[in-house]
Amino acid sequence: MADIWVKVITPAESYDLLTLDELKLILNIPASDTSEDEQLKQWIEHYSDIVATMCNRVFAKETVEETWRGDTMPFDSPRLFLTHYPVADADIEAVESPRGSSIDPAAYEIENRSGKMRIEGAWSEPVTVTYRGGYDLPDEAPPALKQATGLLIQGARAQRTAAAVSGIKSITHRESRVQFMDPNAALNKTGGALGEAAETVNALLYKYMRFYV
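Residues numbered from 1 in each chain as written. Predicted model: local features only at pLDDT ≥ 70, side-chain atom pairs only at ≥ 80, totals over all residues. Heavy atoms only, no water.

*Asks:* Even after reading the chapter, I still don't get the packing of aromatic side chains, so can you show me in this structure?
*Replies:* The full count for this structure, using the stated rule, is one aromatic pair. When the ring of tyrosine 206 is compared with that of phenylalanine 211, the centres are 6.1 Å apart and the planes differ by 50°; the resulting orientation is tilted. The ring of tyrosine 85 carries the charged tip of arginine 57 above its face, separated from the ring centre by 3.8 Å. Looking at arginine 69, its charged tip hangs above the ring of tryptophan 5, at a distance of 5.5 Å from the centre. (Phe/Tyr/Trp six-rings, centres within 6.5 Å; stacked < 30°, edge-to-face > 60°. Lys NZ or Arg CZ within 6 Å of the ring centre and 35° of its normal.)

Next up, the structure:
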């Protein structure tokens, strides 16, 4: 496994995977209702980070300098899997092998969608790639990432509502008493609304997960 050092040169302006208006649409909250805006904004930031952590990557577009070491000699026709993707050809600023020795752009190619880079011929470590990759968030976030984040927030909101009424078992007024079953009891056994959403969220995120090999 390669040893990868990532230095962020220009961080992203936003790491949110969806907008407040998009979340309100998912939750069926009218755009004119601002009573929950601060809580929703906090959830967007929180669960966007959770989705990125689950996928083991940064989705936001950043300019980074990545240094790769530790693969087995003789480094013939190597492939590098850049950490920030997608990557446009024009966003590759420099490829050096070893550091300080630039590689001719004609000697490498990039698979834009996956960030996979191939360098033709022999090379030596460390290899340093300076580039800009990822999505301009939140606008460019893929629908699957938006949906997964929205489902997690929807589950968190449902659990908050359930917690507010979970202790109520009966209502008494004078001589009358009404008892009822807790509608959340069965749901809580599966981990609550967040637990119910987990399988769908995992399915949505699988194709966006980064696996180190």
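*Asks:* Where do I start with helix α1 (residues 20-27) in this structure?
*Replies:* An α-helical turn contains 3.6 residues, so any two residues separated by three or four positions project in the same direction. Listed as buried for α1 are Leu20, Leu23, Lys24 and Leu27. Axial view of α1: buried residues confined to an arc of 100°, hence all on one face. Turned more than 90 degrees from where α1 packs its buried face, Asp21 and Leu25 sit exposed. Positive phi shows up at asparagine 28, right after α1, with a value of about 60°. (Buried < 20%, exposed > 50% of the residue type's maximum accessible area, 1.4 Å probe, protein only. Helix = DSSP H or I, 4+ residues; strand = E, 2+ residues; numbered from the N terminus. Arc of directions from axis to C-beta.)

*Asks:* Any chance you could explain the packing of α1 against helix α2 (residues 37-55) here in plain terms?
*Replies:* Between two packed helices, the angle of one axis relative to the other and the distance separating the axes together describe the packing. Between α1 and α2, whose axes approach to 10 Å, the crossing angle comes to 100°. Taken together, the axes of α1 and α2 lie roughly perpendicular to each other. Residues Leu20, Leu23, Lys24 and Leu27 of α1 touch α2, and the partners they reach there are Asp37, Leu40, Lys41 and Ile44. Of the residues contributing to the contact of α1 with α2, the split by class is five nonpolar, no polar and three charged. (Axes fitted to C-alpha atoms, helices over the stretch in contact; angles between N-to-C directions. Parallel < 35°, antiparallel > 145°, perpendicular 65-115°, else oblique. Contact = heavy atoms within 4.5 Å. Nonpolar A, V, L, I, M, F, W, Y, C, P; charged D, E, K, R; others polar.)

*Asks:* Help me out: how do you make sense of the sheet that holds strand β5 (residues 108-111) in this one?
*Replies:* Two strands in a sheet stick together by hydrogen bonds in their backbones, pointing the same way (parallel) or opposite ways (antiparallel). What the three strands build is an open sheet, ordered β3-β6-β5; its pairing is antiparallel. In the strand order of this sheet, the two ends are held by β3 (79-81) and β5, each with one partner. Taking the axes of each pair of neighbouring strands and ignoring which way they run, one obtains an average angle of 20° across the sheet. Where β5 meets strand β6 (residues 116-119), four bridges bridge the pair, whose relative direction is antiparallel. Opposite tyrosine 108, over in β6, you have isoleucine 119 as the bridge partner. (Pairing = 2+ DSSP bridges.)

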